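# A look at the structure
Here is how the chains run, residue by residue.
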Protein chains: 4
Amino acid sequence: MSVTASLWRDRLENLRSHKFFELIVIAIIIVSALLIGAKTYEESSHFEQVIYWLDWAVTFFFLIEIIIRIAAEKRTLDFFRRGWNLFDFVIVTASLIPIDDSQMVLLARLLRVLRVLRLVSMIPELRMLLTSLVKSLPRMGYVALIMFIIFYIYGAIGSFLFHDVDEKLWGNIALAMLTLFQVATFESWATAVLYPAMEHYPYSWIYFLSFIFLNAFIFLNMMIGIVLDVMQKETALQEIETGEGEAAEIHWLREHVERQQAQLDRIEAKLDRS
Amino acid sequence: MSVTASLWRDRLENLRSHKFFELIVIAIIIVSALLIGAKTYEESSHFEQVIYWLDWAVTFFFLIEIIIRIAAEKRTLDFFRRGWNLFDFVIVTASLIPIDDSQMVLLARLLRVLRVLRLVSMIPELRMLLTSLVKSLPRMGYVALIMFIIFYIYGAIGSFLFHDVDEKLWGNIALAMLTLFQVATFESWATAVLYPAMEHYPYSWIYFLSFIFLNAFIFLNMMIGIVLDVMQKETALQEIETGEGEAAEIHWLREHVERQQAQLDRIEAKLDRS
Amino acid sequence: MSVTASLWRDRLENLRSHKFFELIVIAIIIVSALLIGAKTYEESSHFEQVIYWLDWAVTFFFLIEIIIRIAAEKRTLDFFRRGWNLFDFVIVTASLIPIDDSQMVLLARLLRVLRVLRLVSMIPELRMLLTSLVKSLPRMGYVALIMFIIFYIYGAIGSFLFHDVDEKLWGNIALAMLTLFQVATFESWATAVLYPAMEHYPYSWIYFLSFIFLNAFIFLNMMIGIVLDVMQKETALQEIETGEGEAAEIHWLREHVERQQAQLDRIEAKLDRS
Amino acid sequence: MSVTASLWRDRLENLRSHKFFELIVIAIIIVSALLIGAKTYEESSHFEQVIYWLDWAVTFFFLIEIIIRIAAEKRTLDFFRRGWNLFDFVIVTASLIPIDDSQMVLLARLLRVLRVLRLVSMIPELRMLLTSLVKSLPRMGYVALIMFIIFYIYGAIGSFLFHDVDEKLWGNIALAMLTLFQVATFESWATAVLYPAMEHYPYSWIYFLSFIFLNAFIFLNMMIGIVLDVMQKETALQEIETGEGEAAEIHWLREHVERQQAQLDRIEAKLDRS
């Protein structure tokens, strides 16, 4: 690498890690978010023109920023090794693709909306929070699977039983599962779902109440499981920490008492001989 | 037992415990679940015919599978000792019973739906989760009883008071308890239940608010009780674990210091004599 | 006290503490509960007559039972010292008062409904649960007071602001607080309360959202407070328990090491002299 | 300061710290709160006149009370150093400003309503509760920010997608976010929001279900985070407390065993020499 290139890289690295640079990037992201919000209001065409140019300015700035951050890296590939950088790169380059097709305009808008997520990648506290959220995902996996099985079974039974009660709510298993989700959130579950069903099948309350209780029961147990999990990790951490304090001192005591024992044995032997 | 039979049993046992065999069974269960889902959609008769034959193929496969698993057991009775095996056996044999009566077709469908639950018995993580769910059932028993007593008392009072307000909601104690369950889930409790009642009895809000607070209060206390319970078990486990570490070392120290004491006594006595 | 009286008291005490006697009382309470439930159904006059006589039979049985329990006590006043006995006595005697006035028939029915609560006083597990519920009441006191202050302030503001929007919902502070409770339970809070208010005052969402967030925030903190409280009590209990184990052994060690120290000092002094 | 002034200050200080004085202040605050409540009822003009004079009497009493409390302070500025005093001072002086403008009458009423909050500053238990509530605010900050970003992104997408479905619910990003808040509270989310949207876009359930799951997931994790936080603080407190007991004794043991070691070395050396 030539000296000039190295010099430029150092300058860019300084720029990148500068607090002021980060604040500007955050400000531009917020401007980008406000632009997206502004676009949802119907305004005069003049205002729309301004937003259009501002939007391209933001896109251009993001492009410059990502180039600076890539160029500041010692090895270009290192940049792509960190997940957040990759996320930023995809968001920025995707919004560069010119989409003129009116069919694809929705996708283009979605990509611009996702630029707001760059706020998460810029603020360390939010990044930590999101990382801990992602970490707790697998813990939820099997509970979600059991939940899905329960929804599927109740959906199938509900679709068989209440098919004729309301075609829109129980027409097929997919509609029935959506209706059951509505029941699980308690939204109009009695007035709009239970009572019409009870007019045809007076005992259908057994179906709904058992479903609600099963859901509540599994949800409660999931909560307990999570609390237990959190506590076990906490206890493990605590043991490691205290290990350096009390436990270590006790171990030191044991070793020294053992050595004293040997010494006392020797002293007693000598006294016996003398 | 003849040698050939024993040889066959070993082969079946290998087959049963083979990862590939388990994956096929899980796949067939999922196919069975999808068939149940497909049946809820109204399709052409040709498609229905395909589903009918697939359904019998699945039933036949499950029969073969359960025969393999029984035959692989050293003693046939051992198979029925484990709850999950019994559950599988009942589900599979029940779906073999030919039900032609149109009245009983619902029961036949229900039995086929329950085959989805075999997924729980096949995946160890789900089996563990369900076992822990069942274990926490008794803990909920007495709280459920108190809840039922409260619902019964409020149901009786509500039925006496609001009998004339809305026959459909408060006609008898069973309807009143269902209405109270609707109130407990906050579904249209104010607009559809409280306000009509308040038009006749302006002070009926006392009835509803006291019921809601009592429910919330008991639910909260139940949650606390569960957290306490979980913590006590956690603490007990921790004590047993740490018992091998710190506590054991302290006990070792005590014993050795006692022995040193005796030795020092002897040394002092010898010095006095000399 | 004469010998015969003492003999009878012993017999009654044996009867009272007999498991079979308790089971009969529980059975009669359940019969009493079922009678109350049956009365809410409109039946023929013949059936009503049967219920009427059964009701008096239950009342009579309860009277006999409470007389047995009072007579079995060595000192009659001891019976009234325990809260649950007093509760039973009030419930039983109150239902003896003949109420013919049609105006008071509701009160008479309420008293009969409360007899179901005797189930709680008969089953020890339920009695324990209720005692622990009552114990946790003061803990909730001050949080309830803060909640009431927030409801009162928002109720007053809401009544001032939305008086003209809906007289039924915001007519005075009492109605406004009831409406706010409906909002707190999320029942039709947006469709029936927020949107009509926003048509008059477009910024009224600030009022509702701030109220909901404040409520959720205080509720969450109350939960944390309770968990903390439960943990502190748990920790205190644990310290007392482990105090007999580890801490005691460490104290023993300290005392003995101190004695060894003195002994070693003496031994060294003797060696110096010799 | 003259002797008379000092004497008066002592008298006022005694008055201020008197339990009876505090009870009177609390009573007057409750009267003030009841007056505010009474004003929300439409009554005859005679009654209104009474309330008007009572209101001024309360305002006057609060003025006197705050003057007493300021005068009782050794240095006047000390009074304003404590947040609660400042809060009381602002509330009392603000309600003294004569507001005749009918436009500002709402503000005047609001200031009078806030006088109810003085109850919190007067009762120590409520003051403690509120302080702990304020302390837990920053903990919620970043979670609230992530929540807001999710609402903003879903609001923008919802506004783009469902603009034509319902102008009132999805007209612009602000309305869309309010609708999403309604969905988050499960209020008519299926009947009034999801189903109309599904008539235009059959796959819009993905949008709503992903939003609900994301919300529930973040809320659950926030709860876990808070429990963890509370536990860590609890553990830290515990360590400090137990530090004076067990840990200190172990440290004492270590020091003494070290000294015994040195002594034994000396004894052994002496025996070798002799």
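Residues numbered from 1 in each chain as written. Chains lettered and ligands numbered in written order. Predicted model: local features only at pLDDT ≥ 70, side-chain atom pairs only at ≥ 80, totals over all residues. Heavy atoms only, no water.

Another aspect to go through is the overall build of chain A. Scanning chain A from terminus to terminus reveals 13 helices and 0 strands. Listing every helix and strand of chain A by position from the N terminus yields α-α-α-α-α-α-α-α-α-α-α-α-α. When contacts within chain A are restricted to residue pairs at least 6 apart in sequence, long-range pairs at least 24 apart make up 62% of them. Roughly 14800 Å² of accessible area belongs to chain A as shown, and the carbon and sulfur atoms make up 67% of that amount. (Helix = DSSP H or I, 4+ residues; strand = E, 2+ residues; numbered from the N terminus. Contact = heavy atoms within 4.5 Å. Areas by Shrake-Rupley, 256 points an atom, 1.4 Å probe, with all protein chains shown as cover.)

All names here are of chain B. Of note in the backbone geometry, Ser 188 takes a positive phi value of approximately 50° without being a glycine. Counting through the fold element by element, Ser 188 comes out in the loop between α11 (173–184) and α12 (189–200). On the basis of relative accessibility, which here comes to 14%, the residue Ser 188 falls in the buried class. (Buried < 20%, exposed > 50% of the residue type's maximum accessible area, 1.4 Å probe, protein only.)

With an RMSD of 0.2 Å, the operation that places chain A on chain B is a rotation of 90° combined with a shift of 0.1 Å along the axis. This pairing of chains is accounted for by a four-fold axis. Across chain A, the rotation axis passes nearest the C-alpha of Glu 187 of chain A, at a separation of 4.5 Å. Each copy contacts the other with its own distinct surface, as only 17% of the interface residues of chain A are interface residues in chain B too. (Least-squares fit on C-alpha atoms with pLDDT ≥ 70 in both.)

Residues and elements named next belong to chain B. In this structure the tally under the stated criterion is 72 aromatic pairs over all chains. Pairing Tyr 154 with Tyr 207 gives two aromatic rings, centres 5.3 Å apart and planes at 55°, and the pair type is tilted. Separated by 53 residues along the polypeptide, Tyr 154 in helix α9 (residues 137–162) and Tyr 207 in helix α13 (residues 204–273) bring together distant segments of the chain. Accessibility assignment for this pair places Tyr 154 and Tyr 207 in one class, buried. (Phe/Tyr/Trp six-rings, centres within 6.5 Å; stacked < 30°, edge-to-face > 60°.)

Right, let's get into the interface of chain B and chain C. The partner chain C presents 58 residues to the 58 residues of chain B that form the contact. For the pair chain B and chain C, the summed buried surface comes to about 5300 Å²; carbon and sulfur atoms form 73% of the total. Summed over the shared surface of chain B and chain C, the result is 1 salt bridge. A salt bridge links Glu 199 of chain B to Lys 168 of chain C; its shortest N-O distance comes to 4.0 Å. Seen at the junction of chain B and chain C, the total is 7 residue pairs in polar contact (both at pLDDT 80 or more). Mapped by element, the contributors of at least two residues to the side of chain B that touches chain C are α9, α11, α12 and α13 of chain B. (Buried area = accessible area lost by both parts, 1.4 Å probe. Salt bridge = Lys/Arg side-chain N within 4 Å of Asp/Glu carboxyl O. Polar contact = N/O pair within 3.5 Å; in protein donor to acceptor, adjacent residues only side chain to side chain.)

Scanning all chains against the criterion turns up 33 salt bridges over all chains. Close ionic contact of Arg 118 of chain C with Asp 88 of chain C constitutes a salt bridge, the shortest N to O distance being 3.3 Å. Of this pair, Arg 118 of chain C sits in helix α7 (residues 118–122) while Asp 88 of chain C is found in helix α5 (residues 83–94), placing the two residues 30 residues apart along the sequence. For the pair Arg 118 of chain C and Asp 88 of chain C, one class covers both residues: buried. Of the charged contacts in the structure, one is a salt bridge between Arg 69 of chain D and Asp 88 of chain D, with a shortest N-O distance of 3.1 Å. Of this pair, Arg 69 of chain D sits in helix α3 (residues 45–71) while Asp 88 of chain D sits in helix α5 (residues 83–94), placing them 19 residues apart in sequence. Among the ionic contacts, a cluster of salt bridges with common partners joins Lys 39, Asp 55, Arg 112 and Arg 115 of chain A.

Let us look at the packing of helix α9 (residues 137–162) of chain D against helix α11 (residues 173–184) of chain D. All names here are of chain D. Contact geometry of α9 with α11 gives a least axis separation of 8 Å together with a crossing angle of 115°. The way α9 lies across α11 gives a crossing that is right-handed. Residues Phe 148, Phe 151, Tyr 152, Tyr 154, Gly 155, Ala 156 and Ser 159 of α9 form the contact with α11, whose own contacting residues are Ile 173, Ala 176, Met 177, Leu 180, Phe 181 and Ala 184. Considered class by class, the residues forming the contact of α9 with α11 number 11 nonpolar, 2 polar and no charged. (Axes fitted to C-alpha atoms, helices over the stretch in contact; angles between N-to-C directions. Left-handed = near helix turned anticlockwise from the far one by under 90°. Nonpolar A, V, L, I, M, F, W, Y, C, P; charged D, E, K, R; others polar.)

Contact with chain A, which involves 58 residues of that partner, is made by 58 residues of chain B. Summed over both partners, the interface of chain A with chain B buries about 5200 Å², with 73% contributed by carbon and sulfur atoms. Here chain A is connected to chain B by 0 salt bridges. Taken together, chain A and chain B are joined by 7 residue pairs in polar contact (both at pLDDT 80 or more). Counting only elements with at least two residues in the side of chain A that touches chain B, the list comes to α9 (137–162), α11 (173–184), α12 (189–200) and α13 (204–273) of chain A. Looking at the side of chain A that touches chain B element by element, the count peaks at 30 residues for α13 of chain A. Tallied by class, residues from the side of chain A that touches chain B come to 36 nonpolar, 12 polar and 10 charged.

A few words now on the side chain of Asp 55 of chain B. Residues and elements named next belong to chain B. The topology assignment puts Asp 55 in helix α3 (residues 45–71). In this structure Asp 55 comes out as buried when scored by relative accessible area, which is 8%. Residues contacting Asp 55, with those up to four places away along its chain left out, are Leu 35, Lys 39, Arg 112 and Arg 115.

Least-squares fitting of chain B to chain C yields an RMSD of 0.4 Å, with the superposition described by an axial translation of 0.2 Å and a rotation of 90°. A share of only 17% of interface residues in chain B that are also interface residues in chain C marks the association as one of differing surfaces.

Turning our attention to the nonpolar core. One finds Phe 208 of chain A, Phe 208 of chain B, Phe 208 of chain C together with Phe 208 of chain D to be the most contacted residues of the largest nonpolar core, which totals 265 residues. Beyond its immediate stretch of four places on either side in the chain, Phe 208 of chain A contacts Phe 162, Trp 170, Val 183, Trp 189, Val 193, Leu 194 and Ala 197 of chain A. Trp 252 of chain A, Leu 253 of chain B, Val 257 of chain C together with Ile 250 of chain D belong to the second-largest nonpolar core, a separate cluster that totals 16 residues. (Core = buried A, V, L, I, M, F, W, Y, C linked by side-chain atoms within 4.5 Å.)

Within the secondary structure, Phe 160 of chain A sits in helix α9. On the basis of relative accessible area, Phe 160 of chain A is assigned to the buried category, the value being 15%. Taking C-alpha positions, Phe 160 of chain A is 39 Å from Leu 133 of chain A, a pair spaced 27 residues apart along the chain. Every residue in contact with Phe 160 of chain A, bar those within four places of it in the chain, is listed here: Ile 36, Thr 40, Arg 109 and Val 113 of chain B.

A few words on a nonpolar patch on the surface. Residues Tyr 52, Trp 53, Trp 56 and Leu 96 of chain C make up a contiguous nonpolar surface patch of roughly 430 Å² in combined accessible area. The topology assignment puts Trp 53 of chain C in helix α3 (residues 45–71). (Patch = residues over 30% accessible without salt bridge, like charges linked within 9 Å, V, L, I, M, F, W, Y side chains within 5 Å.)

All right, on to the environment of Glu 73 of chain C then. All names here are of chain C. Along the polypeptide, Glu 73 turns up in the loop between α3 and α4 (76–81). Separated by 63 residues in sequence, Glu 73 and Asp 10 place their C-alpha atoms 9.1 Å apart. When sequence neighbours within four positions are dropped, the list of residues in contact with Glu 73 reads Arg 9, Arg 16, Asp 78 and Phe 79.

Residue and element names in this part refer to chain B. Tracing the backbone shows Asn 85 in helix α5 (residues 83–94). Residue classification places Asn 85 among the buried positions, given a relative accessible area of 5%. When residues no more than four places from it in sequence are discounted, the contact partners of Asn 85 are Arg 69 and Phe 79.

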